[in-house]
Amino acid sequence: MKTVVRYQCEKCRKIYDFPGEAISCEAGHYNLSTEDYNKWLTLQKLTKEAGALNSIAKNVNTDKAFDEAIDKLIAFEKEHHLEGK
Ligand SMILES: [Zn+2]
């Protein structure tokens, strides 16, 4: 018996053989290029991490890092019309 790994688009649930195809499908739902979609995911991840760190150790530096991460994410979402998505 063989175990087969497949990849699913998180938006439409379509199944693909390769991760790049699923990422490309997800990007298409937001009218983003794969490159911009990956950039958006990275900004979301960095914001979550900065927020988590800020909740554990709140100080001037973690406040600043969290604010900057949010500002970058919001700027990207405005530029690509992703507000509220
Ligand atoms: Zn899809």
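Residues numbered from 1 in each chain as written. Predicted model: local features only at pLDDT ≥ 70, side-chain atom pairs only at ≥ 80, totals over all residues. Heavy atoms only, no water.

A word on the nonpolar core
Right, on to step 1. Counting residues in each nonpolar core, the largest one holds nine residues, listed as Ala27, Tyr30, Leu32, Tyr37, Trp40, Leu43, Leu73, Phe76 and Leu82.
Right, on to step 2. Every element with two or more residues in this core is listed here: helix H2 (34–56) and helix H3 (60–79).
Right, on to step 3. Among the elements that take part in this core, H2 stands out by supplying three residues, more than any other.
Right, on to step 4. Setting aside residues no more than four positions away along its own chain, Leu32 makes contact with Ala27, Tyr37, Trp40, His80 and Leu82. (Core = buried A, V, L, I, M, F, W, Y, C linked by side-chain atoms within 4.5 Å. Buried < 20%, exposed > 50% of the residue type's maximum accessible area, 1.4 Å probe, protein only. Helix = DSSP H or I, 4+ residues; strand = E, 2+ residues; numbered from the N terminus. Contact = heavy atoms within 4.5 Å.)

Concerning the environment of His81
Right, on to step 1. Along the chain, His81 turns up in the segment after H3.
Right, on to step 2. Distance from His81 to Glu35, taken between C-alpha atoms, is 16 Å for residues 46 residues apart in sequence.

Examining H3
Right, on to step 1. Compared with an ideal rise of 1.5 Å per residue, which puts 20 residues at 28 Å, H3 spans 28 Å between its outermost C-alpha atoms and is within 8% of the ideal.
Right, on to step 2. Of the residues making up H3, those classed as buried are Thr62, Ala69, Leu73, Phe76 and Glu77. Projection of H3 onto a plane perpendicular to its axis shows the buried side chains occupying an angular sector of 100°, all on one side. Residues of H3 that are exposed and point more than 90 degrees away from the buried face comprise Val60, Lys64, Asp71, Lys78 and Glu79.
Right, on to step 3. Immediately downstream of H3, the backbone of His81 shows phi near 55°, a positive value. (Expected span 1.5 Å × (residues − 1). Arc of directions from axis to C-beta.)

Points about the coordination of the zinc ion
Right, on to step 1. With distances of 2.0 to 2.3 Å, the protein atoms coordinating the zinc ion are Cys9 (SG), Cys12 (SG), Cys25 (SG) and His29 (NE2).
Right, on to step 2. Considering all four donor atoms around the zinc ion, angles at the metal cover 107 to 116° and the coordination shape is tetrahedral.
Right, on to step 3. Read in sequence order, the donor residues for the zinc ion give the motif C-x2-C-x12-C-x3-H.
Right, on to step 4. Taking relative accessible area as the criterion, Cys9 reaches 0% and is therefore assigned buried.
Right, on to step 5. Take Cys12: its relative accessible area is 37%, and that puts it in the partly exposed class. (Donors = N, O, S within 2.8 Å, 3.2 Å for Na, K, Ca; no water. Tetrahedral: all angles 85-135°; square planar, octahedral: opposite > 155°, others 65-115°.)

Describing the packing of H2 against H3
Right, on to step 1. Where H2 contacts H3, the two axes come as close as 9 Å, and the packing angle between them is 155°. Overall, the two elements H2 and H3 adopt an arrangement that is roughly antiparallel. The handedness of the crossing between H2 and H3 comes out as left-handed. For the pair formed by H2 and H3, the contact residues are Asp36, Lys39, Trp40, Leu43, Gln44, Leu46, Thr47, Ala50, Gly51, Leu53 and Asn54 on the first element and Thr62, Asp63, Ala65, Phe66, Ala69, Ile70, Lys72, Leu73, Phe76 and Glu77 on the second.
Right, on to step 2. Taken together, the residues that form the contact of H2 with H3 break down as eleven nonpolar, five polar and five charged. (Axes fitted to C-alpha atoms, helices over the stretch in contact; angles between N-to-C directions. Parallel < 35°, antiparallel > 145°, perpendicular 65-115°, else oblique. Left-handed = near helix turned anticlockwise from the far one by under 90°. Nonpolar A, V, L, I, M, F, W, Y, C, P; charged D, E, K, R; others polar.)

This is a description of form; function is not addressed.
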